[in-house]
Amino acid sequence: MELDLWWLLLFPAFFGLGWFAARIDMRTVLKQAKSIPDGFFQGLDALVEDKTDVAARSLAEVTRQQTSTPELQYTLGKLYRKRGENDKAIHLHQQMLETPDLNTEQRDIILFELAQDFHKAGLVDRAEEILLKLLDGHKGLLARQQLLNIYQQDRDWHKAISTAKELRSDAHSFQHEVAQFYCELAQRELYQSHISEARHHVAEAITANRKCVRASLIMGDIEFSAGQMEAAISAWQEIEKQNYEYLSMAAERLFDAYEQLDKPLEGIALLRGYQKTFPQLELTDLVYQKIATYEGEEKALEATREAVHARPNLHGIYRLIEAQMDILSPEGRLDAEVARALILKHAQRLSVHRCKCCNFRSRAFFWHCPACGEWESFTPNRSEAQ
Ligand SMILES: [Zn+2]
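Throughout this document, residue positions are counted from 1 along each chain, in the order its sequence is written. A pLDDT threshold of at least 70 governs which residues receive local features in this predicted model, and a stricter bar of 80 or more applies before side-chain atom pairs are shown or counted, although totals over entire chains, interfaces and linings include all residues.

## Brief notes about the overall build of the protein chain
Our working rule: Counting from the N terminus, the helices are DSSP H or I runs at least four residues long and the strands are E runs at least two residues long. Any residue whose C-beta has 12 or fewer other C-beta atoms within 10 Å is treated as exposed, any with 20 or more as buried, and any in between as partly exposed, C-beta atoms being built from the backbone. We call two residues in contact when the distance between their C-beta atoms, placed using the backbone, is within 7 Å.
From N to C terminus, the protein chain includes 20 helices and two strands. The buried share among the 386 residues of the protein chain stands at 32%. Sequence-distant contacts, at least 24 apart, represent 42% of the contacts inside the protein chain between residues at least 6 apart.

## A closer look at the environment of Glu302
Considering the arrangement of structural elements, one finds Glu302 in helix H18 (residues 297-310). With 18 residues separating them in the primary sequence, Glu302 and Leu320 have C-alpha atoms 9.3 Å apart.

## Focus: helix H8 (residues 140-153)
Let me state the cut-off plainly: Each residue after the first adds 1.5 Å to the expected span of a helix.
Along its 14 residues, H8 runs 20 Å from first to last C-alpha, staying within 8% of the 20 Å computed at 1.5 Å per residue. Taken as a whole, H8 has its buried residues at Ala143, Gln146, Leu147, Leu148, Tyr151 and Gln152. Looking at the buried side of H8, the elements it contacts are helix H6 (104-120), helix H7 (124-134) and helix H9 (157-167). Looking at the residues trailing H8, positive phi occurs at Arg155, about 55°.

## Observations regarding the packing of helix H17 (residues 284-295) against H18
We count it as follows: Interaxial angle, 0 to 180 degrees, is taken between N-to-C directions of lines fitted to C-alpha atoms, where a helix line uses only the stretch in contact. In these notes the angle categories are as follows: under 35 degrees is roughly parallel, over 145 is roughly antiparallel, 65 to 115 is roughly perpendicular, and the rest is oblique. We call a crossing left-handed when the near helix sits turned anticlockwise from the far one by less than a right angle, and right-handed when that turn is clockwise. Throughout this entry, Asp, Glu, Lys and Arg are counted as charged residues, while Ala, Val, Leu, Ile, Met, Phe, Trp, Tyr, Cys and Pro are counted as nonpolar. The remaining residues, Gly among them, count as polar.
Following both chains from N to C, one finds H17 and H18 inclined at 155°, their axes separated by 7 Å at the closest point. Between H17 and H18, the interaxial angle falls into the category roughly antiparallel. Seen along the crossing, H17 lies across H18 with a hand that is right-handed. Within the contact between the two elements, H17 uses Thr284, Val287, Tyr288, Ile291, Ala292 and Glu295 and H18 uses Glu297, Lys299, Ala300, Ala303, Thr304 and Ala307. The residue inventory of the contact of H17 with H18, partitioned by class, reads seven nonpolar, two polar and three charged.

## Brief notes about the nonpolar core
Looking at soluble globular proteins, one finds that nonpolar side chains tend to be buried together. Applied cut-off: A set of buried residues drawn from Ala, Val, Leu, Ile, Met, Phe, Trp, Tyr and Cys, joined through C-beta atoms within 7 Å, is what defines a nonpolar core.
With 74 residues, the main nonpolar core has Tyr182, Ala186, Ala205 and Ile218 as its most contacted residues. A per-element tally of this core places helix H10 (residues 175-191) first, with eight residues. Not counting residues within four places of it along the chain, the set of residues in contact with Tyr182 comprises His201, Glu204, Ala205 and Ala208.

## A few points about the packing of H7 against H8
Running from amino to carboxyl end, H7 crosses H8 at an angle of 150°, the nearest separation of the two axes being 9 Å. As far as their axial angle goes, H8 and H7 are roughly antiparallel. Viewed along their axes, H7 and H8 form a crossing whose handedness is left-handed. Note on element contacts: H8 touches H7 through Gly140, Ala143, Gln146, Leu147 and Ile150, opposite Val124, Ala127, Glu128, Leu131 and Leu134. Residue composition of the contact of H7 with H8, by class: seven nonpolar, two polar and one charged.

## Here's the deal with helix H19 (residues 314-323)
Helical geometry note: an α-helix holds 3.6 residues per turn, so side chains three or four residues apart project in the same direction. All buried positions along H19 are accounted for by Leu314, His315, Gly316, Tyr318 and Arg319. For H19, the secondary structure elements touched by its buried residues are H17, H18 and helix H20 (330-350).

## Concerning unusual backbone geometry
The backbone of Arg155 sits at a positive phi, close to 55°, despite the residue not being glycine. Summarising the element assignment, Arg155 is placed in the loop between H8 and H9. Phi angles above zero are rare outside glycine, and Asp262 is one such case at about 65°. The residue Asp262 is located in the loop between helix H15 (247-260) and helix H16 (264-277) in this model.

## Describing the environment of Arg144
Here Arg144 lies in helix H8. Considering only alpha carbons, one finds Arg144 and Ala164, 20 residues apart in sequence, at a separation of 8.5 Å.

Have a look at this one:
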């Protein structure tokens, strides 16, 4: 077998080229580094160390020396905002606006930063005023997104709807959010007993997103408050097709409607049917209570046992232990009490709703996550964390 040995000579040549390239690169870096003031590196180092106060001081010193570096001033402004020093950020950006010969693009960038300063400082009207002027410029998209945040924060749902519709694109249709904004309006009208306005907004929500569970929940509430029990039941049953996980949120209301119709046993049968078909729903306690009221403790316990055997859950096991306390020996009762207390403690600790986007946990359910601002991201069943 013949080997072309001359190929081997290429290896040292490649290494030589690599070494040469690295030398050139390092020289450029060193040359550039010499022109950067020390304060910049001190600021950078403090940022890495999470000492934002030192970083802000160092970068402020550099920007005083080098007024021709707007990028650094933007960073300093963001740092001030992050530290809650909104007055300093506002002052910095207002000063930057006074720089002579600013072109439209530079002006828009500074104004957008200033709007964010005002927003962070709670001066929402001033932020909105600036953002509205930026809509047709270079920062149009970002300004509109920021306005949408402001309108949601202000619960100004009409403006939120029109802004979200303007933001629609192939990448993000905003249908999901728009439906939620209409639901907020519907809920507000329902609280004030404005039934026809509430119906109108729910219809808009369904038009925006036919899978909007919240719209069905509110529709059922509207019918219930209007005394239309059959209509309320069919509105809540829509959830089964939209997203069955939310049925647990409608379960008690569904039962109340059957009770109003004087058909509690039909209500119980429906809930037990849901429990069998969707064992992950949080229905054990509710089903137990309703059966105990209308059919007696024994049947309630039987239903709980059936549910726990199909899908073990802490609340169900707690009920089973509690129901059998009386038939135990005194020693056995002491043991059962320890187990019951431990189960209750764990059940309470694990009974939380969780945001699927940011993992924020809360005992209360939110349609709009208070931590990350996402809509409909909370798990409807608290026991999902088990
Ligand atoms: Zn979240």
